[in-house]
Amino acid sequence: MYKIPLFDLNFDSREEQAVIDVLRSKWISTGPKTIEFEERFAKLLNVEHAVAVANCTVALHLALKLIGIKSNDEIICPALTFVATVNAIRYCNAIPVFADISSLENLTISPEDIERKITDRTKAIIVMHYGGFACNMNPIMGLARKHNLKIVEDACHAPLSEFNGKKLGTIGDIGCFSFFSNKNISTGEGGMLVTNSSEYYNEAKLLRSHGMTSMSYERAKGHSSEYDVIELGFNYRMDDLRAAIGIIQLQKIKEDLTKREQIRHEYVSQLSAVESIIIPFKDNKEFSSNYIFPIVLKDSNFKKRNMIREQLSQKGIQTSVHYPSVHKFSIYKDFYTKLSITEYVADSIITLPMYSKLSKDEVSFITTTLKEIL
């Protein structure tokens, strides 16, 4: 057990009671709590539509299906992301075209490299708002308009994060969110697809549940007694047990993010003078979910980074790496392209603990220990 874990759940008796209430209601699959969760999430993001799904990976897959991605279409995407971002492209038999990140200070996809990678076969761009910090959406949206491309936002790190006053996930055509256990909003597993398009919304609800024209809850309530299957859909539904947890989590999210902002401020103030590290997004002025707190080691490599992580572990501090670069995984070797900044960061980044229960004393212990090791 670590003295200070990488993450800690923001759960209490309210989540427990929410689950008990659903169990006692006798309706545990997709139903009234899922609908309530969707409506609350859409309102929080000021977006027209939200569709709750089993996880963010299927949200990404649905998003690509909705925008009409077909075999051998090219999708420009980052490599500094969790593999699910790219796997969703391959589920459609489309081609991932990897773009580099902007810099060691800005770990989001580079608009300049996106532009270099656009071809006649490019159909869409997937952006990933790394750590809850916004990609530079103005030039990216400009490229989309110029080349008639669709934009899917992987906003799994970024509930309530903003770019120019707009919530991330609501700027492009479709936004995708994750409620995995270590996310800002946690339901264990779970995800959400959001869009301002009624066409995408209706199609997403259809594809989420086997292409059926009505769902079990609607039939149980007498709204429909029969159904047709009109498309080849999937079983991508969320259940009411997870949705009930999600509703409680939404009630906590603003306070959670306020505390994370304070913790980030502590980290930055205590590490800013350390010359051997870079703090990505240090000068960020937009509101961020602060999903993680990454640092990038200067003049480093894979071996040095791992040695430092091991020494932090020995002191009881859990760390992680966000992320190994997807384009260097064995399964993606056929799509490899040199991404010099991404590759350096993937070998030199350390994710330090970040969660709302982290105390000032714990942050001080982490930063003091790190400085001693460096």
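Only a predicted model underlies this, so the values are computations on that prediction, with no experimental measurement involved. Chains are numbered independently. Their residues run from 1 in the order of the written sequence. Whole-chain, interface and lining totals are the exception, using all residues; otherwise, since this is a predicted model, local features are given only for residues with pLDDT of at least 70 and side-chain atom pairs are given and counted only at 80 or more. Note that the side-chain values use all heavy atoms of the structure and ignore hydrogens as well as water.

Enquirer: Just to check I follow, could you spell out the environment of Asp100 for this structure?
Expert: Here a strand is any run of E in DSSP of at least two residues, a helix any run of H or I of at least four, and the numbering for each starts at the N terminus. Here Asp100 is to be found in the loop between β3 (95-99) and α5 (111-117). Working rule for contacts: check all heavy atoms of both residues, and any pair within 4.5 Å makes them a contact. Not counting residues up to four positions away in its chain, the partners in contact with Asp100 are Ile109, Ser110, Asp113, Leu339, Ser340, Ile341 and Thr342. At a separation of 2.6 Å, a polar atom in the side chain of Asp100 contacts the side chain of Thr342. Polar contacts, as used here, are pairs of N or O atoms within 3.5 Å; protein pairs need one atom able to donate a hydrogen and one able to accept it. Residues neighboring in sequence count only if both atoms are side-chain atoms.

Enquirer: I would appreciate a short explanation of helix α3 (residues 56-66) in the present structure.
Expert: For an α-helix the count is 3.6 residues per turn, leaving residues at separations of three or four pointing the same way. Burial here depends on accessible area, computed with a 1.4 Å probe over protein chains only, as a share of the maximum for the residue type. Under 20% is buried, over 50% is exposed, and the range in between is partly exposed. Burial within α3 is extensive, with nine of its 11 residues counted as buried. Every buried residue of α3 is listed here: Cys56, Val58, Ala59, Leu60, His61, Leu62, Ala63, Leu64 and Leu66. Here α3 starts with a cap whose side-chain oxygen sits 3.1 Å from the backbone nitrogen of Thr57, and that cap is Asn55. Positive backbone phi, at 85°, marks Gly68, one or two positions downstream of α3.

Enquirer: Which parts of the structure should I look at to understand the nonpolar core?
Expert: Grouped burial of nonpolar side chains is what soluble globular proteins tend to show. Counting residues in hydrophobic clusters, the biggest one holds 80 residues, and the most contacted among them are Phe41, Leu64, Phe98, Ile114, Met137, Ile140 and Met192. A total of eight residues in this core trace back to one element, the largest contributor, which is α3. Those residues within four positions of Met192 in sequence are excluded, and the remaining contacts are Phe37, Glu38, Phe41, Ala50, Val51, Ala52, Val53, Ala59, Gly175, Cys176, Phe177 and Phe179. Listed in part, the 23 residues of the second largest apolar core include Leu358, Ile366, Leu370 and Ile373. Among buried residues, those of type Ala, Val, Leu, Ile, Met, Phe, Trp, Tyr and Cys that are joined through side-chain atoms within 4.5 Å constitute a nonpolar core.

Enquirer: In this structure, what is going on with the sheet that holds strand β12 (residues 349-352)? I would like to understand it.
Expert: Pairing between sheet strands relies on hydrogen bonds along the backbone, with the strands arranged either parallel or antiparallel. Strands sit in the order β10-β11-β12 across an open sheet of three strands; the sheet is antiparallel. Sheet topology places β10 (277-278) and β12 at the edges, where each strand pairs with a single neighbour. One bridge is not enough; two strands pair if DSSP finds at least two bridges between them. Where strand β11 (residues 293-297) and β12 come together, four bridges link them in antiparallel fashion. Pairing of Phe293 across the sheet is with Leu352, part of β12. To get an axis, fit a line to the C-alpha atoms, keeping to the stretch in contact for a helix; angles then go from 0 to 180 degrees between the N-to-C directions. Sheet strands in contact with helix α10 (residues 302-314) are β11 and β12, and its direction is about 20° off that of β12. Packed onto the sheet, helix α11 (residues 340-348) meets β11 and β12 and runs at close to 105° relative to β11.

Enquirer: Any chance you could explain the packing of helix α9 (residues 240-271) against helix α12 (residues 360-373) here in plain terms?
Expert: Helices that pack against each other are described as a pair by the angle of their axes relative to one another and the distance between those axes. Put simply, α9 and α12 touch, their axes get as near as 10 Å, and they point 30° apart. Judged on the interaxial angle alone, α12 and α9 are roughly parallel. When the axes of α9 and α12 are compared, the crossing they make is right-handed. On α12, the residues touching Ile263, Glu266, Tyr267, Gln270 and Leu271 of α9 are Lys360, Val363, Ser364, Ile366, Thr367, Leu370 and Lys371. Charged means Asp, Glu, Lys or Arg here, nonpolar means Ala, Val, Leu, Ile, Met, Phe, Trp, Tyr, Cys or Pro, and polar covers whatever is left, Gly included. Grouping the amino acids of the contact of α9 with α12 by side-chain chemistry returns six nonpolar, three polar and three charged. Roughly parallel refers to an angle under 35 degrees, roughly antiparallel to one over 145, roughly perpendicular to one between 65 and 115, and oblique to any angle outside these ranges. Helix crossings get a hand from a simple test, with the near helix turned counterclockwise from the far one by less than a right angle marking a left-handed crossing and a clockwise turn marking a right-handed one.

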